[in-house]
2 protein chains.
Amino acid sequence: MHYPNVFDGKCPTRVVLDRVGDKWAVLILLLLAAGPLRFNELRRRIDGISQKMLSQTLKSLERDGLVGRKAFATVPVTVEYSITPLGLTLYSAVDSLRLWAETHLGEVAAAQQRYDGGQGMSEAA
Amino acid sequence: MHYPNVFDGKCPTRVVLDRVGDKWAVLILLLLAAGPLRFNELRRRIDGISQKMLSQTLKSLERDGLVGRKAFATVPVTVEYSITPLGLTLYSAVDSLRLWAETHLGEVAAAQQRYDGGQGMSEAA
DNA sequence: CAGGATCCGAGTCGATACTG
DNA sequence: CAGTATCGACTCGGATCCTG
């Protein structure tokens, strides 16, 4: 049996799943996978994100060793974020989920329509 | 480029990631992967879950075609939930993340301690 | 430019009570 | 047994203001 104590949330798998479930974290990982970026650069790229969430998510990612932070003591201060090798491996793991999504997208959508049409039947709202 | 419109949340990948990030959904999938279960049976097994979340999560999973629901018109009503083939494929995809977690758990933990020790330095709380 | 601190609305979840 | 409906506690996330 390969799942030890999954039922009391302390299981390490949960940490990973939480990260993966985090919208912004995945997006950031995605962007940084293409190359290092600065704070406001990231902010502009993602755009939907607030400064708070960006900062917060970056800190989490940095804490987990998934992204690296490098500060340059220039005049207005320059900070560069980059993905770590570890982060890269996670990203490729997440990619397998992306693959699942793309592969089974049709089946899920079909199931949803079947469900909504069969039980809900009130599409007027 | 294999990631089309990931930035405006409509992308199907998000749906999958949200499911995977859902604590209860994964747990339910895990339990049902071992065999069909009834509502209260699931509730007892997971135990930390409220009936609201269980019911709600089951409905989501059913809607996505990941679990199946079968009601028997017995006296006190019997409902049996089971994982679908589709759900099984998702579960095995999630398993690859579990694998990642187990493999890199040490690295993540080390990074966290490094981070907490280096910047936070208040371990007394 | 990079980010901390705060306020606050919206959504989430659990506990409870009730139904078929 | 298998749920639904409601309410309150809490958390999350966005907007804003401010600092170095």
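This text goes with the structure placed above it.
Residues numbered from 1 in each chain as written. Chains lettered and ligands numbered in written order. Predicted model: local features only at pLDDT ≥ 70, side-chain atom pairs only at ≥ 80, totals over all residues. Heavy atoms only, no water.

(A) View of the interface of chain B and chain A. Counting residues at the interface gives 47 residues for chain B and 47 residues for chain A. Across the chain B to chain A interface the summed buried area is about 4300 Å²; carbon plus sulfur atoms make up 70%. On inspection of chain B and its partner chain A, the count reaches two salt bridges. Between Arg63(A) and Asp116(B) there is a salt bridge, with the nearest N and O atoms lying 2.3 Å from each other. Contributing elements (two or more residues each) for the side of chain B that touches chain A: α1 (12-21), α2 (23-33), α3 (39-46), α4 (51-63) and α5 (85-120) of chain B. Ranked by residues supplied to the side of chain B that touches chain A, first place goes to α5(B) with 21 residues. (Contact = heavy atoms within 4.5 Å. Buried area = accessible area lost by both parts, 1.4 Å probe. Salt bridge = Lys/Arg side-chain N within 4 Å of Asp/Glu carboxyl O. Helix = DSSP H or I, 4+ residues; strand = E, 2+ residues; numbered from the N terminus.)

(B) Spatial organisation of the protein's contact with DNA strand D. Surrounding DNA strand D, one finds 19 residues, the nearest of these being Lys52(A), Met53(A), Ser55(B), Arg69(B) and Tyr81(B). Sugar plus phosphate: this is where 66% of the atoms of DNA strand D within 4 Å of the protein reside. Here a phosphate oxygen of DNA strand D and a side-chain polar atom of Ser50(A) are 3.3 Å apart. Taking Pro76(B), its main chain carries an N or O atom lying 3.4 Å from a base oxygen of DNA strand D. Sorting the residues of the surface near DNA strand D by element identifies α4 (51-63) of chain A together with α3, α4 and β3 (78-83) of chain B as the ones contributing at least two each. If one sorts the elements of the surface near DNA strand D by residue count, α4(B) sits on top with four residues. (Near = heavy atom within 4 Å. Polar contact = N/O pair within 3.5 Å; in protein donor to acceptor, adjacent residues only side chain to side chain.)

(C) Quick look at the relation of the copies chain B and chain A. After a rotation of 180° and a shift along the axis of 0.0 Å, chain B superposes on chain A with an RMSD of 0.0 Å. Considering both components of the superposition, the chain copies are consistent with a two-fold axis. Residue Gly21(B), judged by its C-alpha, is the member of chain B lying nearest the rotation axis, at 1.9 Å. A share of 100% of the interface residues of chain B reappears at the interface of chain A, consistent with the copies meeting face to face through the same patch. (Least-squares fit on C-alpha atoms with pLDDT ≥ 70 in both.)

(D) Looking closely at the side chain of Thr84(B). Residue and element names in this part refer to chain B. Relative to the helices and strands, Thr84 resides in the loop between β3 and α5. There is a polar contact of 3.0 Å between the side chain of Thr84 and the backbone nitrogen of Gly87. The contact partners of Thr84, leaving out residues within four places of it in the chain, are Gly65, Leu66, Val67 and Gly68.

(E) Broad picture of the sheet that holds strand β2 (residues 67-72) of chain B. Residues and elements named next belong to chain B. Strand order across the open sheet formed by three strands is β1-β3-β2, with antiparallel pairing between neighbours. Because the sheet does not close on itself, it has two edges, and the strands there are β1 (37-38) and β2. Two elements, β1 and β3, share two bridges in a ladder whose sense is antiparallel. By the bridge assignment for β3, Leu37 is matched with Tyr81. Relative to the sheet, α2 contacts β1, β2 and β3, its axis offset from that of β3 by approximately 95°. (Pairing = 2+ DSSP bridges. Axes fitted to C-alpha atoms, helices over the stretch in contact; angles between N-to-C directions.)

(F) Broad picture of the protein's contact with DNA strand C. In the vicinity of DNA strand C lie 19 residues, with Asn40(A), Arg69(A), Gln51(B), Lys52(B) and Met53(B) positioned nearest. Backbone sugar and phosphate groups make up 55% of those atoms of DNA strand C lying within 4 Å of the protein. Within the side chain of Arg38(A), one N or O atom sits 3.0 Å away from a phosphate oxygen of DNA strand C. One nitrogen or oxygen atom from the side chain of Lys52(B) is found 2.5 Å from a base oxygen belonging to DNA strand C. Class assignment of the residues belonging to the surface near DNA strand C gives a composition of seven nonpolar, six polar and six charged. (Nonpolar A, V, L, I, M, F, W, Y, C, P; charged D, E, K, R; others polar.)

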